[in-house]
Structure formats: structure tokens, C-alpha cells
Amino acid sequence: MKQVFNFNAGPAALPKEVLQKAQVELLNYQESGLSVMELSHRSMLYENIQNHATERLRKLMNIPADYDILYMQGGASLQFSAVPMNFLTEGKTANYCLSGSWSEKALKEAKKIGRTHIASSSKEENYSHIPEHLELSENPAYLHITSNNTIFGTQWKTTPELDAEVPLIADMSSDILSRTIPVEKYSLIYAGAQKNLGPSGVTVVIVKKELLKRCPDHLPTMLNYQTFAKNGSLYNTPPTFSIYMLSLVLDWVADQGGVAQIEAMNAEKAELIYHVIDSSDSFYKGPAQPGSRSNMNVTFTLPTDELTKKFLYEASEHGFIGLSGHRMIGGCRASIYNAVPLAHCERLAQFMTDFRTNFM
Ligand SMILES: Cc1ncc(COP(=O)(O)O)c(C=O)c1O
């Protein structure tokens with residue numbers, strides 16, 4: 001098989017061991033004679049898979065008992081609507097930190113539901129940093145942040161401190177499970193699975209039970225978080241195979257030693273590439289300000305568009321996949337999620353160094 005180095009932004013690299021396990025089990029899951037894809041979602045075999053995923057995630061992320069873990073569909077994008085529909089109630093204002101295009105999209109959906117307020121923004125500085133300084137509105141329904149900005153390559157390094165009555169809601173699609181976070185400081189966390197958790201198709205929602213009391217009854221059933229909480233995410237057919245893959249990925253994270261070990265490895269991987277950028281005499285430039293740099297998505301530019309094209313072409317000839325920047329901002333981006341091995345980052349760092357040396 002061709003050796004490639006997958007730096008895709010999402011869907012992204014999955015651990016090889018997980019793919020191998022899924023391959024072995026594909027046709028005959030636990031001697032059932034069936035593939036997981038063919039199991040009834042009401043069967044004991046499937047329920048065990050889902051329960052296992054939930055227990056694993058709870059343990060790995062240290063999720064307190066007063067939080068529910070839900071499996072939804074529609075991606076993180078549907079959460080942009082579900083959050084305000086459930087929690088932006090009459091007389092309240094939804095607060096958003098604008099740190100990139102995904103938070104803009106989240107805000108856009110909230111505006112359709114009710115009153116909104118931009119609590120902080122780095123738009124004027126091209127989203128080159130995390131806008132940490134908050135100015136909340138009166139009567140905030142919640143504060144929404146995007147913990148990692150997949151496109152611009154910035155990441156919150158701290159958790160915003162809010163008054164106890166203001167729920168903190170985070171889109172963690174591109175950095176969930178990549179580092180230790182204090183879950184108890186958040187009221188709701190959501191993440192599309194296709195970066196750090198598994199394949200696309202399932203969206204994980206971690207929500208404080210107390211917050212669920214606010215969900216209005218008049219919402220469409222499938223947009224009401226209560227539906228998922230009350231029915232163990234089995235009100236309708238869940239994305240069973242994606243949840244099975246999620247359970248394998250969570251086992252893999254546990255096998256690596258847990259989130260703290262993964263976090264240390266992620267820091268080492270990111271440092272390798274940022275070091276090449278910083279020591280390149282401005283040949284490579286990182287648009288993200290150093291204090292806001294993401295350990296998941298390393299964005300960088302080269303001196304000219306022509307050189308960028310040449311770099312991307314040569315990179316692909318060497319087996320590097322997914323290094324183009326997002327179509328909105330161009331440049332280059334290496335997405336180095338949990339499953340991207342250190343060795344692949346070393347190869348990329350070496351390639352970047354060699355490319356620059358050959359150019360000089
Ligand atoms: C931070 C963030 N939020 C939301 C999304 C949208 O996710 P989905 O495609 O699952 O709707 C993405 C996708 O890349 C993302 O990176």
C-alpha cells in the first residue's frame with residue numbers, strides 16, 4: 001500500500017490500529033455473523049457499543065455525573081441552530097466570541113432565533129488571535145466560543161471565567177479530546193466527530209442536565225436536546241457505525257495513556273512544525289499570533305503564491321496529503337489531530353526544511 005501522510009482537516013486521519021480492528025470485525029462482529037452496520041440499534045450488542053463509548057468518554061474527559069452525553073446528527077453545523085433554539089429564550093441575549101469563520105456561522109444561525117451580542121472579536125485583526133477580552137450583554141442566555149479555529153489555526157488557551165449563572169457553550173469540533181479541559185466549567189460542549197473522535201456522521205454533545213430544563217417543548221422533536229437525553233440518544237436510529245468507530249477511537253486514546261499523554265504528544269508534534277516556521281527567516285510565516293497558536297491546525301504561508309503552489313505540488317509528490325489552506329484563506333495548513341503520528345510530523349518538518357534549503 002502507498003505510504004501517505006494524512007494532514008487533512010476533517011474528515012481526518014484515524015489511528016491505524018482502529019482501522020485494522022474495524023477491518024477484522026467488519027464482517028462478523030463478536031461472532032454475531034453480522035457487521036456492526038447490520039445490527040439493530042435496539043439489540044443488546046449495539047447498546048453495549050454505545051454504552052461503552054459513553055463510559056469511555058466520561059472517564060477520559062472526566063465528565064461529571066450531572067452531565068449527559070448525547071449522540072446527534074447534522075454535524076456541528078446543526079448545533080449552530082440547536083443551541084439558540086434550546087437556550088436563547090425570551091428576553092435574553094445570546095453572546096458570541098468571534099474568533100473565525102465557524103463562530104461567524106454559529107452567530108448567523110443564532111441571529112435567526114433571537115437577540116445576539118458579540119462579546120469579543122478578532123475579526124479586525126484577520127482572526128490572528130483569540131479575542132479573550134469579553135464584554136457580555138445584559139441578561140446573557142449563554143456565551144458561545146469556538147475552542148479551536150480550524151481555518152485560522154488559533155486555539156483558546158484558557159477557559160473564559162464567567163459568573164455562575166451564565167452558561168458557557170463551546171464548539172470543540174477540532175480540539176475535543178486533544179487536551180485536558182475542565183468540563184465542569186462548561187454547560188454544553190459539542191463536536192462533530194470527524195477530526196479527533198472518529199468518522200463523520202455523529203456529533204457528540206456533552207450537556208449539563210440542569211441546562212436541559214430550559215429546552216422549550218414547542219421545538220421540533222429532533223432539535224430538542226431533551227429528546228436525546230431522555231431516550232439515551234435512541235429516539236430514532238443513531239449513526240451506529242460512526243458510534244462504533246468512536247468507541248474504538250476512545251479505546252485507542254485510553255491505550256495511549258489517556259488525554260494527558262495525548263496532550264503532551266500533540267504539543268511535541270506542533271512544536272516541531274512551529275519551530276521550522278520560526279527558524280525559517282520568514283520564509284514560512286505563521287499568521288496566528290504565538291500566544292494563540294493552535295496545536296491542532298498549523299497554518300503557514302510562503303513568500304509568494306507561486307512558491308505555495310510549488311510547495312503543495314512537491315509535498316503531494318512526497319505523499320503529504322491535505323496541506324492546502326482552507327479555500328477561504330489560502331496558504332498552507334497542517335492538521336495534526338490526535339491520530340497523526342509524531343513520525344509524520346517529523347517527516348513534514350524535514351520536508352519543509354529541505355524545501356526551503358533547496359530554494360535558497
Ligand atoms: C470548529 C468547527 N466547527 C464546526 C464545523 C462544521 O462541522 P460539520 O461539518 O460537522 O457541520 C467545523 C468543520 O470543520 C469546525 O472545524
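Use the structure listed above.
What this report covers is the structure whose coordinates are included nearby. Only a predicted model underlies this, so the values are computations on that prediction, with no experimental measurement involved.

One pass over the structure, following the stated rule, counts 18 aromatic pairs. Arranged with centres 5.5 Å apart and planes meeting at 5 degrees, the rings of Phe87 and Tyr225 form a pair that is stacked. Pair noted here: Phe87 is in helix H3 (residues 75-87) and Tyr225 is in helix H6 (residues 225-230), with a separation of 138 residues, a long-range link. With respect to burial, Phe87 and Tyr225 carry one shared label: buried.

Let us now look at the packing of helix H1 (residues 16-25) against helix H7 (residues 240-255). Two elements in contact, H1 and H7, have axes whose closest approach is 9 Å; the angle formed by their N-to-C orientations is 135 degrees. The pairing of H1 with H7 is recorded here as oblique in orientation. Remark: the crossing between H1 and H7 carries right-handed chirality. On the side of H1, the interface is formed by Glu17, Val18, Leu19, Lys21, Ala22 and Glu25, while H7 contributes Tyr244, Met245, Leu248, Val249 and Trp252. Broken down by class, the residue content of the contact of H1 with H7 amounts to eight nonpolar, no polar and three charged.

Let us look at the pairing of strand E11 (residues 297-300). Burial of E11 is two-sided: the residues Asn297 and Thr299 facing one way and the residues Val298 and Phe300 facing the other way are all buried. The sheet contact formed by E11 and strand E13 (residues 332-335) spans four bridges and is antiparallel. Each bridged residue has a counterpart across the sheet, and for Val298 the counterpart in E13 is Ala334.

Here the structure, examined in full by the defined rule, presents 11 salt bridges. The closest approach of N and O atoms between Asp251 and Arg56, which form a salt bridge, is 2.6 Å. Of this pair, Asp251 sits in helix H7 while Arg56 sits in helix H2 (residues 44-61), placing them 195 residues apart in sequence. The class of Asp251 is buried, set by a relative accessible area of 17%.

As a matter of local geometry, the ligand sits amid 13 residues, with Ser77, Thr150, Asp171, Gln194 and Lys195 nearest to it. Ala76 places a main-chain nitrogen or oxygen 3.0 Å from an oxygen atom of the ligand. Taking Thr150, its side chain carries an N or O atom lying 2.5 Å from an oxygen atom of the ligand. A breakdown of the residues in the shell around the ligand according to their chemical character gives three nonpolar, eight polar and two charged.

Contact geometry of H3 with helix H4 (residues 101-113) gives a least axis separation of 8 Å together with a crossing angle of 40 degrees. Taken together, the axes of H3 and H4 are oblique relative to one another. Between H3 and H4 the crossing geometry is right-handed. Residue-level inspection shows Phe80, Ser81, Pro84 and Met85 of H3 in contact with H4, the latter providing Trp102, Lys105, Ala106, Glu109, Ala110 and Ile113. Split by residue class, the contact of H3 with H4 holds seven nonpolar, one polar and two charged.

On to the sheet that holds strand E9 (residues 188-192), then. An order of E2-E10-E9-E8-E5-E3-E4 is seen for the seven strands of this open sheet, with the pairing classed as mixed. Edge positions in the open sheet fall to strand E2 (67-72) and strand E4 (116-121), since each of these has one partner strand only. Between one strand and the next, the sheet's axes are offset by a mean angle of 20 degrees, whatever the strand orientation. As paired elements, strand E3 (residues 93-98) and E4 share five bridges and run parallel to each other. Within E4, the residue paired with Leu98 across the bridge is Ser121. Packing of H2 onto the sheet brings it into contact with E2 and strand E10 (203-208), and relative to E2 it is tilted by some 130 degrees.

What counts and how
- Residues numbered from 1 in each chain as written.
- Predicted model: local features only at pLDDT ≥ 70, side-chain atom pairs only at ≥ 80, totals over all residues.
- Heavy atoms only, no water.
- Phe/Tyr/Trp six-rings, centres within 6.5 Å; stacked < 30°, edge-to-face > 60°.
- Helix = DSSP H or I, 4+ residues; strand = E, 2+ residues; numbered from the N terminus.
- Buried < 20%, exposed > 50% of the residue type's maximum accessible area, 1.4 Å probe, protein only.
- Axes fitted to C-alpha atoms, helices over the stretch in contact; angles between N-to-C directions.
- Parallel < 35°, antiparallel > 145°, perpendicular 65-115°, else oblique.
- Left-handed = near helix turned anticlockwise from the far one by under 90°.
- Contact = heavy atoms within 4.5 Å.
- Nonpolar A, V, L, I, M, F, W, Y, C, P; charged D, E, K, R; others polar.
- Pairing = 2+ DSSP bridges.
- Salt bridge = Lys/Arg side-chain N within 4 Å of Asp/Glu carboxyl O.
- Near = heavy atom within 4 Å.
- Polar contact = N/O pair within 3.5 Å; in protein donor to acceptor, adjacent residues only side chain to side chain.

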